Structures are given as structure tokens and as C-alpha cells.
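# Observations on the three-dimensional arrangement
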Amino acid sequence: MDKWLRNTNVVRVVALVIGILLWVVVHMEESSAPGTTSLSNREETINNVAITKKYDESLFYISSIEPSNVQVILSGKESLVKKVTTSNTYRVELDLTKVGKGEHDLALIPVGFPSSLVVEVVPRTVHVVIEELQKKEVPVVINVTGTPAEGLKAGQPIIKPNKVYVTAPTSRLNEIETVRGEVSVDKANAAVTKEVRLQAFDADGKEVQVVMNPQVVDVEIPITSPFQTIPLQIKLVGEPAKGFAIASVVQNTDKVTVYGAQDVVDKMEFYQGPQVNIQGINETKEYTLDIPLTNKITQVDPSKVTVQVEIVPSVTKELENIPITIIGQNDGFNTRVSVPESARINITVEGAPDIIEQIKAQDVQAIVDVSNLPPGQHEINVSLNLPSFVKKGILQDIKTTVEISEKTPKSAGPQG
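Residues numbered from 1 in each chain as written. Predicted model: local features only at pLDDT ≥ 70, side-chain atom pairs only at ≥ 80, totals over all residues. Heavy atoms only, no water.

The subject of this paragraph is the overall build of the chain. Along the chain, the regular secondary structure elements total six helices and 33 strands. A separation threshold of at least 6 residues defines the contact pool for the chain, and within that pool the share at least 24 residues apart is 71%. Total accessible area computed for the chain in this model is approximately 26600 Å², and 49% of it derives from carbon and sulfur atoms. (Helix = DSSP H or I, 4+ residues; strand = E, 2+ residues; numbered from the N terminus. Contact = heavy atoms within 4.5 Å. Areas by Shrake-Rupley, 256 points an atom, 1.4 Å probe, with all protein chains shown as cover.)

Our focus in this paragraph is the confidence of the model for the chain. Averaged over every residue, the pLDDT of the chain is 87; the share at 70 or more is 90%. Within the model, pLDDT remains below 50 along residues 29-38, and this stretch shows four contacts once partners closer than five positions in the same chain are excluded. (pLDDT = per-residue confidence, 0-100.)

Another point: the side chain of Ser314. Mapped onto the elements, Ser314 comes out in the loop between β25 (304-313) and β26 (315-327). A polar side-chain atom of Ser314 sits 2.6 Å from a polar atom in the side chain of Glu350. (Polar contact = N/O pair within 3.5 Å; in protein donor to acceptor, adjacent residues only side chain to side chain.)

Looking now at the environment of Ile130. Take Ile130: it is sitting in strand β8 (residues 125-145). Here Ile130 falls in the buried class, since its relative accessible area comes to 6%. Here the alpha-carbon distance between Ile130 and His104, two residues 26 residues apart in the chain, equals 8.2 Å. In contact with Ile130, other than residues within four places in its own chain, are Phe60, Tyr61, Leu96, Val99, Gly100, Lys101, Gly102 and His104. (Buried < 20%, exposed > 50% of the residue type's maximum accessible area, 1.4 Å probe, protein only.)

Note: strand β20 (residues 244-251) against β25, seven bridges, orientation antiparallel. Bridge pairing in β25 places Gln251 opposite Val307. Alignment of strand β23 (residues 285-290) against β25, held across six bridges, turns out to be antiparallel. When the sheet's bridge partners are listed, Asp290 is paired in β25 with Lys304. (Pairing = 2+ DSSP bridges.)

Time to look at the sheet that holds strand β30 (residues 376-381). If you walk across this open sheet you meet the three strands as β27-β33-β30, and the pairing is antiparallel. Two strands close off the open sheet at either side, each with one partner strand: β27 (333-339) and β30. Pairs of neighbouring strands in the sheet enclose a mean axial angle of 30 degrees, with direction left out of account. Of the pairings in the sheet, the one linking β27 to strand β33 (residues 399-406) comprises six bridges and is antiparallel in character. Paired with Val337 across the two strands is Val402, which belongs to β33. (Axes fitted to C-alpha atoms, helices over the stretch in contact; angles between N-to-C directions.)

The next subject is the nonpolar core. Ranked by internal contacts, the top residues of the largest apolar core, which has 24 residues, are Val164, Val166, Ile176, Val179, Val210 and Val219. Counting only elements with at least two residues in this core, the list comes to β8, β11 (163-169), β12 (178-184), β13 (192-197) and β17 (216-221). If you look at the next biggest cluster of nonpolar residues, it comprises 23 residues, including Ile46, Val72, Val92 and Leu96. (Core = buried A, V, L, I, M, F, W, Y, C linked by side-chain atoms within 4.5 Å.)

An order of β10-β17-β13 is seen for the three strands of this open sheet, with the pairing classed as antiparallel. Sheet topology places β10 (158-160) and β13 at the edges, where each strand pairs with a single neighbour. Across the sheet, the mean angle from the axis of one strand to that of its neighbour is 25 degrees, orientation sign disregarded.

In this fold, Gln199 is placed in strand β14 (residues 199-201). Remark: the alpha-carbon pair of Gln199 and Thr178, spanning 21 residues in sequence, is separated by 8.4 Å. In this structure, Gln199 is in contact with Thr178, Val179, Arg180, Glu207 and Met212, ignoring residues within four places of it in sequence. Of the polar contacts made by the side chain of Gln199, one reaches the side chain of Glu207; its length is 3.1 Å.

Moving on, we come to the packing of aromatic side chains. The full count for this structure, using the stated rule, is two aromatic pairs. Sitting over the ring of Phe227, Lys153 keeps its end group 4.9 Å from the ring centre. The aromatic ring of Phe201 is capped on one face by Arg180, whose charged end is 3.9 Å from the ring centroid. (Phe/Tyr/Trp six-rings, centres within 6.5 Å; stacked < 30°, edge-to-face > 60°. Lys NZ or Arg CZ within 6 Å of the ring centre and 35° of its normal.)

Take the side chain of Asp202 next. Mapped onto the elements of the fold, Asp202 is located in the loop between β14 and β15 (207-208). Put simply, Asp202 is tucked away with no salt bridge, and the nearest opposite charge, on Lys206, sits 6.0 Å away. A polar atom in the side chain of Asp202 sits 2.8 Å from the backbone nitrogen of Lys206. Not counting residues up to four positions away in its chain, the partners in contact with Asp202 are Glu175, Glu177 and Val208. (Lys, Arg positive; Asp, Glu negative; His and termini not counted. Salt bridge = Lys/Arg side-chain N within 4 Å of Asp/Glu carboxyl O.)

The residue after Val122, namely Pro123, is reached through a cis peptide bond having omega -10 degrees. With respect to the helices and strands, the residue Pro123 is situated in the loop between β7 (118-122) and β8. Cis peptide bonds are those with omega within 30 degrees of zero, and the linkage from Val339 to Pro340 qualifies with -5 degrees. As for its placement among the helices and strands, Pro340 is situated in the loop between β27 and β28 (344-351).

Moving on to the pattern of salt bridges. What the rule picks out here adds up to eight salt bridges. Counted as one network, the salt bridges with shared partners bring together Arg42, Glu44, Glu78 and Lys82.

Right, let's talk about the environment of Gly351 for a bit. By the element assignment, Gly351 lies in strand β28. Placed 107 residues apart in sequence, Gly351 and Phe244 show a C-alpha to C-alpha distance of 7.6 Å. Beyond its immediate chain neighbours, meaning those up to four positions away, Gly351 contacts Ala245, Ser314, Val315, Ile356 and Phe389.

The following block contains the structure:
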């Protein structure tokens, strides 16, 4: 080591290295010292910074905020400024948790910026209008579009749930006219099932932005043959046992929905159901019967009917002075009842006590039909139109004599 230190060249080299190191250290300190260069500090402006709003979104709605975007001016070390502008970890916050509905001027708070930076928000305050949120229940309407396959028809939509809760600001809630969705059944030959997104609309058909719960509902559109709901006609055949009568007939359904070709369904005014045979019965009975498919009808709903026939002991009653009505007479002839001369008859009727007690002579029609009869006297059976569940008394064969004659032509007046 001593030899090295005694060597003049070695000492010169060492001195040179030490001198270079000292120069480097001094210049590094100068460059890092504050204020020693214009590049150490920087000012940066960030435009169009969105405002982060802090509030209870389940209770309030911000109807307006002015301005909606602000400027942020940063001052400080260049490295920190660059870090902020490239990281996007910062935000400008508007704290609304301590205010309620109404108009407010509130300060903005910069959040997420390094504490060593000077942060200025321009403007420092904003004007905000807050509304309360209200909730109401609204029925769901489904618009069915398109045409099913030939010969089929779309039924009434089945919606689950059929009502939704709508939440909106007070000023907007009253604008809502309908909540609806849309389902296409075009060319469908079976039921269409779909999850449907709902939208709220005002009276002019413009969409209103609201919160809905639920936003999506399940919808099923039945696809069936054309159908119509019409009265169900039950026919009684036979007569109860001697001395008994029908007091009432009660069906568990008096209407059915019939399905079939459109031209067939449209013409039907009622549907002829099954026949109920009451021949010889002497007590109340209940019948459960299939409803038959007739006249090109493919389906009947319901497919069965229950009929209760109430049978009670019968009573009789005499009805007097029932006028005889003539039908089918020719306008070119005079037609009159000659026997009896009064053109009135007396009859005995039979039925259940409650029905017979209320029946009167004017409830009965006595009719003779003279259609296609020539001039002369004719003995004709009298037909009776009686109320339901009422019949003629036993061994009554009522006849009348009708006289038909040509009308006498009017004589001509004296000739001059």
C-alpha cells in the first residue's frame, strides 16, 4: 500500500476520481433543491371533471346540478402532478347527505389527491335541486303484435306479476300513464312464453325514465282456435213419475267457451249441451254429464256440466177464460172460432206447488193453426204454450171449431 501511495501517478488518478465524484454530488443536490430550476414545480388544469354525488338514491333524486362538470387546477411537484393526471384515482365530491329536498348551493370537495399538492376546484360551489322519490303501484299492459298461424287466435296475456312498483321524483310520477311491454305472436302455433322488459310512458306515448320493481315480467300468450263464450242449453227429455213435477233445474255453469273455425263460432248464439233423461223419476237427482262436441266445435270449456233436477209432488189448478189465438189465416178469408162461441177455453194445469200457485190465465197461450186450410168448418186441436215445468192436466184433449169463409166483395156504387 505504501508503494502505491508513493507513486505520483496513482495519487493523481485517485485525486481525479474523488474530484469527479464531488462534482456529481454537488450538481445532484443543486438539481434537487427547491427553486433551483423551473422544471421542479408544475401547474396543470384538468377540464370537464365529473362531479361524484354522495346521497341516498332510494330517497332522493337530483333533478338538476349546475354546473355538472368542473375544472381542477393542480400545483406542486411535477412528478406528483403527472401521477394524478395519469392515474384517475381522484374525484370531486358533492356531499348531499346532510341536506334534504329543495335548492342548495354547496361546496365541492376534492378527494384522492396527494396532500402535498395544491388543489383548486373551479367553481368551488354548485347549485343543486333535490326532489323526493315517491312510489306507486301500476298495472302492466302487454301489447300483442303480429298474427298467429292460420286458423289460430291469440288469447289474453297472462302476466306474472301483473302490477309493478314505480319509483320516481314527485314531479315525474304523475306523468306516468302506463307501464307496458310488447310480445310478438307472429306465425305462432303454440303458446308464446317470454320474459318482457317494461317501460313507463306518459299520455303522449313518450318514455319516462323511472325505477321499476320488477323491471322484467313473465308473459304467456295462449294461442288457440277462435272462441266465443255463449249460454249453455240443457235439454230435459221424458216426464217425472205420475203425480210428480219439476220444481227447478240448476246447472253449475250456464255458459261455456267454444273453440272452432271462425265462421262457425261467430254464428253461434248458444251451445246445445247434453240431454238429461228424467223419465219416471220421483225424487231430486244430480247428473254430471259430458258436454258433447258438435257442429265442428273442437273444444268446449268446461267439458262437463253438473245438473240438479229438483222433483216434488205435483198439484193442479184450473185456469179460466183463456182466449184462443188464430195463426196462419189467409188475408183473403174471414176466419173465426165458432165453438166455443166465446173463443175462450178453460184448462187444468199441473206442476210444482210454488210454480202453480203463481200462474195466471195470462201466462198461458191457447193457439190454433189454420195454415193451408180451405173455406169451411174445421175441428182443430188447441196447442198450449205453458210456462217452464208446467204441463196440461191429465186426460185433456182440447179442441175448437174454426169457420173459414170467403170475404164478400164490396158492392159497386150506382152508375150514372
